[in-house]
Structure formats: structure tokens, C-alpha cells
Amino acid sequence: MQSHNHLAMQYKTDPPRLQAATDWPATREEGLQRLSDFVDRAGSHYAAERNYDFGPEQRTNVSVLSPYIRHRLISEAEVAAEVIAAHGLSASEKFIQEVCWRTYWKGWLESRPAIWDRYVQDVVHLKNADAQNDLMQQVRVACAGETGIACFDAWARELVETGYLHNHARMWFASIWIFTLKLPWQLGADFFMTHLLDGDPASNTLSWRWMCGLHTRGKTYLARSSNISEFTRGRFPQTERLAPFAEALTDDGQLENAQPVKPRKKLPSGDVVLLVTDEDLNPETLTFDDARVRSVVMLSGLEHGVTYAPRVTRFKSAARLDARARGARQFWCTFENLDCSDRHAAERLVQLANGLPFVCAEIPVGPTRAAFEPMLDVLNAQGLAVHFVRRDWDDAFWPHASNGFFQLKSKIPSVLQRLGISG
Ligand SMILES: Cc1cc2nc3c(=O)[nH]c(=O)nc-3n(C[C@H](O)[C@H](O)[C@H](O)COP(=O)(O)OP(=O)(O)OC[C@H]3O[C@@H](n4cnc5c(N)ncnc54)[C@H](O)[C@@H]3O)c2cc1C
């Protein structure tokens, strides 16, 4: 596993920046810079301070790396390697476990794709069925930050204005949405997906389900005034009107039967066309076995079942441009951009293949895969195969993600060792 210590060293001489969650340049360099700024605080400082939400202007106690990791501008493996090199696994255990929560959610959803499909259907149904009535009016009030619950209203506005919320704020917000305002969790998850720069189908949908007792059956999360006051350092000293208890929702048991994740396959040898999606904007660190990349197609517009806010769309576009520039330095071949929302996109892709097979970093369950699948059918019908590249990190962890997080957590040391990431 290649270390990125040299990049970290380059920045080590500068004082750490006050990490604010209001400015998000969408480049790999920025992700590496943030990692470098944060790495010294990823050990005991993180374990002690991570639950505090000091407000958008002060995010020194968390890494604010999620938009970068979510789009794989930087990878989980790079982050883990850097942090473990600085602290060792034992002192950075808490941080590494948090990184692995993302992996766990992704692996868990991968084996239960029906959960995503059902969520998308529920959102459409709720919005259509209730377009004119009271429920959608209440949702609009909540999303505008006009409920009269000061902390909740502040987080609703912060999310829209910055594209980010602290983890604890996400928990309090979701709890108040579900148990105090009694709104459907799916519409809260949709509000998050629209505005979060790190909006992720697995982490988001499954965290919302976890909040209402649908993940660990019966286990819910209740936001309490004293907890909010303590962990916002008194920014919200007293919150009235909060639900006194959080009764678990019950639903959809049939959907949860896990399908084993398909094993990783070897890539074909010879010339291939590389497809790059927003799910993995780090094409230069993919491994291609004996395949040779002859051209690259940057895909945009793969968005089924979500509507992104302009800020999120801008982040994704800028990140794609950055990936293209890095890829161009690596591959020395022709690059094309393809907007997949164009109805002729699949035919255009057939032309761009020029008879060669495609390779593509694996597209996990979610809006990108759902939008790509119909194109895949067209390509397959033309005899064109798409070979998916799964990263070592996912391949090593996902087999441990089919049940509870604690199963995966117990495997972290051995899996990291197998990946060559150890302190
Ligand atoms: C209701 C709800 C919805 C959420 N939706 C998303 C989402 O759409 N996308 C998303 O990336 N995260 C989501 N999270 C998880 C978590 O809140 C964010 O990953 C975290 O706040 C990002 O900030 P950070 O990078 O400063 O995290 P840090 O605390 O610095 O953690 C480091 C990294 O670990 C990962 N991580 C940390 N906590 C979690 C977690 N609970 N679940 C999964 N990964 C985690 C992230 O990659 C993060 O960048 C959600 C949590 C809740 C409760």
C-alpha cells in the first residue's frame, strides 16, 4: 500500500488551518491537504472531542473529509494509512472505526439493493400522494428551518447553506424529524441527499433507518435537550417540545434478506475504454490487471431517484474536472465527457467503445448504478461488456458487512494487516 506521507510532509510546515465547513474546493489536493491538517488530531484528541458540534466555523475536532472520501477523491485506505502511520492503530482506533462505518454501510447495502429501491419508491410516493396536503407543507416548514425549534431550524439552514452537518447534529436532526415532528424518515433522508456534499446512498439511507429502529431492530435514537446543550457547548441551551420517547418503527422485514456480494473478477487483458463516474474520482490509483487504458469517458448525469442542490452539482462537476486533469496526466490518451441524461447517451457510448470492452470502478448501490443500469443493458445488447474494478479495501471488508457493525469492527486489525496498512 503506497503511503502518501510525502504529500503530508509537504504541508507539515504550515500551521493547521481553522477547519471551517463553509468552503469546499472539490479537488484531490484539497482532500489531501485536509487530511494532512487533521492527522495530528486523529488520535486521542478525536476520540475525546469528536462528538462536539462547535458550529460551522469551527470544525477542528473532526476531519471534514467526508465529501472527499465519498467521491473517492481520496480513499479510505489512504486516510487509514496516514492516520495509522501517525498514531498507530490502537491510539487512532476510534477514528478508523468511523471510517469503517462508511465501509460497513456500503457493504451492507450492497447485499440488500432492494432497500435503496424501496426508499426511492417511498420518496416518490410520499411526494406525489401528499403534494397538496398538510404533510408536505410540514416538510417544507421543516426544510426551511421554520419549526420554531431553534437548534433544528439552525441545522436545516446550515445544511442548505454549507452542504455539511456534524455527525451529532445529523443524529439530533433526524431524531427530531422522526419522533418530535413525526415526519416520514424517507423525506428527511431525501432532504439530506439533496443538500449534503457527502450525500451517500448507503451512509445516509441506512443511518436514517438506524435512527428509527429499522436497522438494529427496535434500537432508536432520542434527541435530548441536555445532550444537545452539552455537545453544542451551550449554543442551544434549552430545547423545548422534544419528544419524550422514541418508539421504533416497524417495516419491510422481507426486504432484508441479504444476497451475498458477487466476488471480484479478473479484468480482460488488452485494450479497454475506462469509464469514470462520480462514485470513484480517482482513476489514476485503480489497478487494471493486464488491461491497457486506450481512452477514457467521464460520465455525468447519472442520477436516478435523487435531485441534487446546485451546490452539490457544482461540487460533483468540479471534482470530475479535477479527476479528468489527474487522469490525463496518468493515461496519455483521449478523454471524452458524456452527459448520461442525454437520451442518445447509450448509443454514443457504443460509438466511443470502438469495439473495445469497458472497465469502470465498481458503482455501488444507489442513484448512479440505478441510472447506469439501463445503459448497461444497451451496451450488453451490442455485445459490449463492462468490467467493474473493485478496490482492495471494499473487497477485503465487504464480506464482513452483512450483519451488525460489530462483526466488521472485530475484523479491522486483521483486514488492515492484510491490506498492508499497519502501524
Ligand atoms: C442521519 C445521518 C445521515 C448521514 N448521512 C451521511 C451521508 O449521506 N454521507 C456520509 O458520508 N455520511 C453520512 N453520515 C455519517 C456522518 O455523519 C458523516 O460521515 C460525518 O459527519 C462526516 O464528517 P467528517 O468527515 O468530519 O467525519 P469524521 O468524524 O472526521 O469521520 C471521518 C470519516 O469517517 C466516516 N464516518 C464518520 N462517521 C460516520 C458514520 N456515522 N457513518 C458513516 N461514515 C462515517 C466519514 O467518511 C468521515 O469522513 C450520516 C449520519 C447520520 C446520523
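Residues numbered from 1 in each chain as written. Predicted model: local features only at pLDDT ≥ 70, side-chain atom pairs only at ≥ 80, totals over all residues. Heavy atoms only, no water.

Draft legend 1. Just the sheet that holds strand 1 (residues 270-276), in detail. Reading across the sheet, the five strands line up as 3-2-1-4-5 and stay open at both edges, with parallel pairing between neighbours. Every interior strand has two partners, whereas the edge strands, strand 3 (334-339) and strand 5 (386-389), have only one. Averaged over all pairs of adjacent strands, the angle between their axes in this sheet comes to 30 degrees, without regard to strand direction. Here seven bridges tie strand 1 to strand 2 (residues 291-300), and the two strands are oriented parallel to one another. (Pairing = 2+ DSSP bridges. Helix = DSSP H or I, 4+ residues; strand = E, 2+ residues; numbered from the N terminus. Axes fitted to C-alpha atoms, helices over the stretch in contact; angles between N-to-C directions.)

Draft legend 2. Local environment of the domain arrangement of the protein chain. Segmentation of the protein chain into domains returns domain 1 (5-109 + 396-418), domain 2 (113-256) and domain 3 (270-389). Measuring from the centre of the C-alpha atoms in domain 1 to the corresponding centre in domain 3 gives 26 Å. On the side of domain 3, 15 residues touch domain 1, which itself brings 15 residues to the contact. Across the interface of domain 1 and domain 3, roughly 1300 Å² is buried in total on both sides, 57% from carbon and sulfur atoms. (Domains from an automatic or database assignment. Contact = heavy atoms within 4.5 Å. Buried area = accessible area lost by both parts, 1.4 Å probe.)

Draft legend 3. Looking closely at the site of the ligand. Around the ligand, the surrounding shell holds 27 residues, and the nearest of these are Tyr46, Ser63, Val64, Arg102 and Asn167. Between the ligand and the protein, one listed contact pairs a nitrogen atom with a backbone N or O atom of Asp198 at 2.8 Å. Out of a free accessible area of 810 Å², the ligand has 96% covered by protein chains. If you list the elements that add at least two residues to the shell around the ligand, you get helix 4 (66-70), helix 6 (93-110), helix 10 (167-180) and helix 12 (201-211). With six residues, helix 6 is the single largest residue contributor to the shell around the ligand. When residues are assigned to domains, the shell around the ligand turns out to be shared by domain 1 (5-109 + 396-418) and domain 2 (113-256), each giving three or more. (Near = heavy atom within 4 Å. Polar contact = N/O pair within 3.5 Å; in protein donor to acceptor, adjacent residues only side chain to side chain. Areas by Shrake-Rupley, 256 points an atom, 1.4 Å probe, with all protein chains shown as cover.)

Draft legend 4. Representation of the pairing of strand 4 (residues 358-361) in the model. Alternating positions in strand 4 separate into two faces, Phe358 and Cys360 on one and Val359 and Ala361 on the other, with burial throughout. Of the strand pairs in this sheet, strand 1 and strand 4 are connected by three bridges, and their pairing is parallel. Paired with Leu275 across the strands is Cys360, a residue of strand 4. Inspection of the sheet shows strand 4 paired to strand 5 by four bridges, in the parallel sense. For Cys360, the partnering residue across the bridge sits in strand 5 and is Phe388. Handedness of the crossover joining strand 4 and strand 5 through helix 16 (residues 367-381): right-handed. (Buried < 20%, exposed > 50% of the residue type's maximum accessible area, 1.4 Å probe, protein only. Right-handed = clockwise from strand over helix to strand, strands pointing away.)

Draft legend 5. Geometry of the packing of aromatic side chains. Taken as a whole and judged by the stated rule, the model has 26 aromatic pairs. The interplanar angle of 75 degrees and the centroid separation of 5.6 Å between the aromatic rings of Tyr104 and Phe405 together place this pair among those described as edge-to-face. Of this pair, Tyr104 sits in helix 6 while Phe405 sits in helix 18 (residues 405-418), placing them 301 residues apart in sequence. The pair Tyr104 / Phe405 is uniform in exposure class, with both members buried. Geometrically, the ring pair formed by Phe192 and Trp208 is edge-to-face, given 5.1 Å between the ring centres and 80 degrees between the ring planes. Of this pair, Phe192 sits in helix 11 (residues 185-195) while Trp208 is found in helix 12, placing the two residues 16 residues apart along the sequence. For Trp208, a relative accessible area of 2% translates into the label buried. Ring-pair connections join several aromatic residues into one group, and the members of that group are Phe152, Phe173, Trp177, Phe191, Phe192 and Trp208. The ring of Trp108 carries the charged tip of Arg112 above its face, separated from the ring centre by 3.8 Å. Lying across the ring of Tyr52, Arg233 places its NZ or CZ 4.4 Å from the centre. (Phe/Tyr/Trp six-rings, centres within 6.5 Å; stacked < 30°, edge-to-face > 60°. Lys NZ or Arg CZ within 6 Å of the ring centre and 35° of its normal.)

Draft legend 6. Molecular detail of unusual backbone geometry. Non-glycine residue Lys182 carries a positive phi angle of around 55 degrees. Residue position: Lys182 is located in the loop between helix 10 and helix 11. One non-glycine residue, Arg233, adopts positive backbone phi at about 50 degrees. When you line up the elements, Arg233 lands in the loop between helix 13 (225-231) and strand 1.

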